[in-house]
Amino acid sequence: MDKFTALEPTRLYSSSTSATNKRASRTKPISRWIGKLPADIHLLVLNHLPIPDISAYARASRATAGLSRDEKLWERRWNDLAITRNALDDTLDDLESKQEPKANTHSPPTIPVDDDFGEFTSAPRTPSIPSLSAAFTSFAFTDASPGKQTFRARYTRAHLILKQCLAPLHQPPHAVLSALTPLIGTSLLSQARSLRLLSFFLSPRVQSVRHWDILLAALKAAVDRFDVSLLTAFDAADSRGDEMMMRQAAHASWEVWPGFGDWEMGKVWAEKREILYEQGRWNPLANFTDENTLDFTPMDEFMASIIRALEEHGTRAVFVFPPAAGVLIGFAERVANEVVGEYIAPLLTRAREISNALYLTAAAASFRESWRIVDVLTTVSSNFSGKGKDKAEDVVFMMFEPNMDEYLDEEIESLKQAFEVICKEWDRSTLALASHSSPTQAHQTRFLTAQNPALMKRTVLASFTNVLLLPVTIVPRTVGAGVVAVGGAVGGAVGAVGTGMVQGIAMLNPQRWVGGTGSVNNAKEYASFGGAEGEAAIFEIALSTSATKPTLAPTENLDLLLSLDVALQLIHADRDALKRLETFASYPGQYGIRVRETIEEAFCEMLGVLCNRHLEKGFGIATERMNSYKPSEHEETASVAPLLQFFELVHVGDTIQSMVQVFFDKELAPHIDKTDFLNVVVREKKRFENTLDDCVAAGLNAGTQVLMNQVEHIILTLTKPREYYPPEDAPLELGPTPGCTEAIRCLDTHCRLLKGSTSKEVLEVFYQEVGIRLLAILQKHIKRQIISLNGGFQVIADLNAYYSFVASLKAGSFLLISVTLCLISCEQVPNITADFSHLKMLGHVFVVEDAKDLAQIVRDVTRYGGAYRPEDIYEFIQRRADWKKIEKTVDKTMYNLSFKEDCVVC
């Protein structure tokens, strides 16, 4: 009786405090306790107990017996057997079918008395305390349908079947397999799967029987012997080419492999392939010619041998080995690293010794050639199609990774060197021409002398676009093998062939662009792309000269400060680098990010050099020289040479910007998000465009000043002293004066030359500024003259001519102003056409004879739309020849003055 715990006294009437505690306890979850521990702790203990100890735990109490039947407990035990996870249900059925049927098929199966569960059959079975022996000897097959067995029932069945296979493990090591054969069958695959199932049954997670560890050691020894016999059979079958036997042995060996370490059979098979030991057959340095250029014909032969080996052995590996074993991918990795990688390493080392440009070409070409491994793997095995293709690509990616850091760094450094060579060559040769006479270039066909500059520009861009679409040879071949024929399809987009050639169009030669990466061995070669003398470029454009063909001053070659040659050379160098980098564009992970960053950096570097070293510098020199231009030092009056040449610069700059846009759309857009305004390429391109606009704006501002200085010089020099005060008997000629005609001709020439060379906004600003400054010049010019009544008609004729010119610039108003350029104040932009109309109306004050009528006209502020105040008009009428005669009358009428009454002195 001392085993029983005395009952605690029970309070019949609880106090208010206990009642409160009881109400509070109702809100908490009630946990089931067994003894002094919660049921969850007991379940946790049961989950970690060996199977034989569960019965002892169950006999502790009715509650523990109930816990021992918990489905969660037996679900875990069933999962530990890994039968369902490894598809071993059929194997279990085969083992059961090979065992002898039970003596009494009507009674539930029983476990012998001396089994590992204890002598449960001898224990009394009372309804109140069921034993675990009963649970194991009469597991519920009767209360569950065949399609809905409990995990407890599943495990019990598997336990009883597998336990009968343990007896042979007590045999000597060399006899275990022989003793197991009647129980597990004679098929290699059946034996392998049965041994694997037994290894799960005796695993530390299950601990199904007493001394499971000793039995497991015996089983592992048997498995090792079995695997060795499989390897021997596989090797023999491989020697005689028996792929079916190889397949059986390989699948059986894969089944008994524990899943960690190297799978010996796949490793041994790969090591016996001859391709891994034939590196001496190939000479990587044979890819270099005697002239130290690249010819990858030897590498083609080498890769052809690699491809044949992968096709032959890969096809066999796919058939023989289980797909999950990954033997093909492992073999391909060894071939890539130990054969192809070892071939590429000395090739790149030698290329680096010759030149950096050759190294870059060799790196991209070697990677492109190595990529043929991916193509053959996807052909040999369907496992490498779709998403599985990443595994095949990783073979080449991982093989080439050791070269990527050096290659990416060198790509940018070599590109910077190439840009530096181009810019220095331009500074040395071409910029010197800007201050010296050059008859050949001075009379060269250009945008300004073209009949249709806009059409010519579109033709150049179309040719440039077609050149960008030409294929690029990454892998250098024998001379002539990689040349792409270019014919009328490309050249036809340009037009008729002629003798005139736009500066820089020589670069649009497809032969220079088609295989650039394989032919350029030195950065200096980029600087020689400008079309040598006598060289017949494919893209020669015949241009007709327009009616307006200004004579360019031989001493002011400002239009040579920019060159399409330089822009095309820079773009060509960047395109070469980009095409090489695109070879690695699909790289995953960290190097994939670096490749994309290098692509962006290369484009930004090109934009920076083109902007800072060429466009900005050229426009800056042109602007400086325009500011120093003095019209009085030049005999030519109809044209301003610096401004004309600056307009040519604007045409060239606009063409360069258009080419950069085409290059961006065709080559860079696929690699970036064009809508991401934070992207470095998008920001750098915007900066490039803004800088070009600022350069054009600053140049136009200086050019406008130069033009208006020239116009003022024309008006001053061609206006005769008595142009507006002719003799009384002189005949009236109501046409514009020579100074007016020449000034308008000069303005019209330059304004029309700019049309089509820049944006609409810039053109509007230029016209607006010309109008404003011309208005100020004319007002100043009139105030310098003495104007008679007859001369007043001449003034009106001139003002009418100026008005007609301003109105002809644009039919609409001049109110469209670019906010970004801001050449003039945009707070209140006047309508220039209306201002010239008011100035023309102002001319009437010089032809009114009656002084009182003149005074009324002066006082009428509405007459000129508010453009002129009475005091402004008063300044103009003071230039009348008869002003001294009419001054008092005008003053009296205007200001109601009476000198006799109001003047004290009088």
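Calculation criteria
- Residues numbered from 1 in each chain as written.
- Predicted model: local features only at pLDDT ≥ 70, side-chain atom pairs only at ≥ 80, totals over all residues.
- Heavy atoms only, no water.
- Helix = DSSP H or I, 4+ residues; strand = E, 2+ residues; numbered from the N terminus.
- Salt bridge = Lys/Arg side-chain N within 4 Å of Asp/Glu carboxyl O.
- Buried < 20%, exposed > 50% of the residue type's maximum accessible area, 1.4 Å probe, protein only.
- Polar contact = N/O pair within 3.5 Å; in protein donor to acceptor, adjacent residues only side chain to side chain.
- Contact = heavy atoms within 4.5 Å.
- Core = buried A, V, L, I, M, F, W, Y, C linked by side-chain atoms within 4.5 Å.
- Axes fitted to C-alpha atoms, helices over the stretch in contact; angles between N-to-C directions.
- Parallel < 35°, antiparallel > 145°, perpendicular 65-115°, else oblique.
- Left-handed = near helix turned anticlockwise from the far one by under 90°.
- Nonpolar A, V, L, I, M, F, W, Y, C, P; charged D, E, K, R; others polar.

S.K.: Summarise the environment of Q705; cite the residues concerned and give the values.
M.R.: Following the sequence through the fold, Q705 ends up in helix α27 (residues 680-718). Sequence separation of Q705 and R773 is 68 residues, and the distance between their C-alpha atoms is 8.4 Å.

S.K.: Account for the pattern of salt bridges, with residues named and values stated.
M.R.: Scanning the entire structure with this criterion turns up 42 salt bridges. Here E667 and R575 are joined by a salt bridge, their closest N and O atoms 3.8 Å apart. Taken together, the residues E667 in helix α26 (residues 641-668) and R575 in helix α24 (residues 564-582) connect sequence positions 92 residues apart. Taking relative accessible area as the criterion, E667 reaches 4% and is therefore assigned buried. In this structure, E684 engages R687 in a salt bridge whose closest nitrogen and oxygen atoms are separated by 2.9 Å. Taken together, the residues span about one helical turn, with E684 and R687 both in helix α27 at a distance of 3 residues. Linked by salt bridges that have partners in common, E420, K424, D427, R613 and K617 make up one network.

S.K.: For the environment of Q794, give the residues involved together with the corresponding values.
M.R.: In this structure, Q794 sits in helix α30 (residues 789-809). When its relative accessible area of 13% is taken as the criterion, Q794 is described as buried. Separated by 62 residues in sequence, Q794 and L732 have C-alpha atoms that sit 8.2 Å apart. At 2.5 Å, the side chain of Q794 forms a polar contact with the backbone oxygen of G735.

S.K.: Describe helix α33 (residues 870-877), and please don't skip the residues or the numbers.
M.R.: Taken together, the buried positions of α33 are occupied by D872, I873, Y874, F876 and I877. Along its buried surface, α33 packs onto α29 (760-783), α31 (832-842), α32 (851-859) and α34 (883-895).

S.K.: For the nonpolar core, give the residues involved together with the corresponding values.
M.R.: Among the nonpolar cores identified, the biggest contains 237 residues, and L202, F321, L377, F619, L707, L774 and V890 are the most heavily contacted of them. With residues up to four places along the chain from it excluded, the contact list for L707 reads V640, L643, C746, L747, H750, F766 and V770.

S.K.: For the packing of helix α2 (residues 39-48) against helix α5 (residues 71-81), give the residues involved together with the corresponding values.
M.R.: Between α2 and α5, the shortest axis-to-axis distance is 10 Å and the interhelical angle comes to 25°. Judged by the inter-axis angle, α2 sits roughly parallel to α5. Along this stretch, α2 crosses α5, giving a crossing that reads as right-handed. Of the residues in α5, those touching α2 at L46, N47 and H48 are L73, R76 and R77. Residues belonging to the contact of α2 with α5 are distributed by class as follows: 2 nonpolar, 2 polar and 2 charged.

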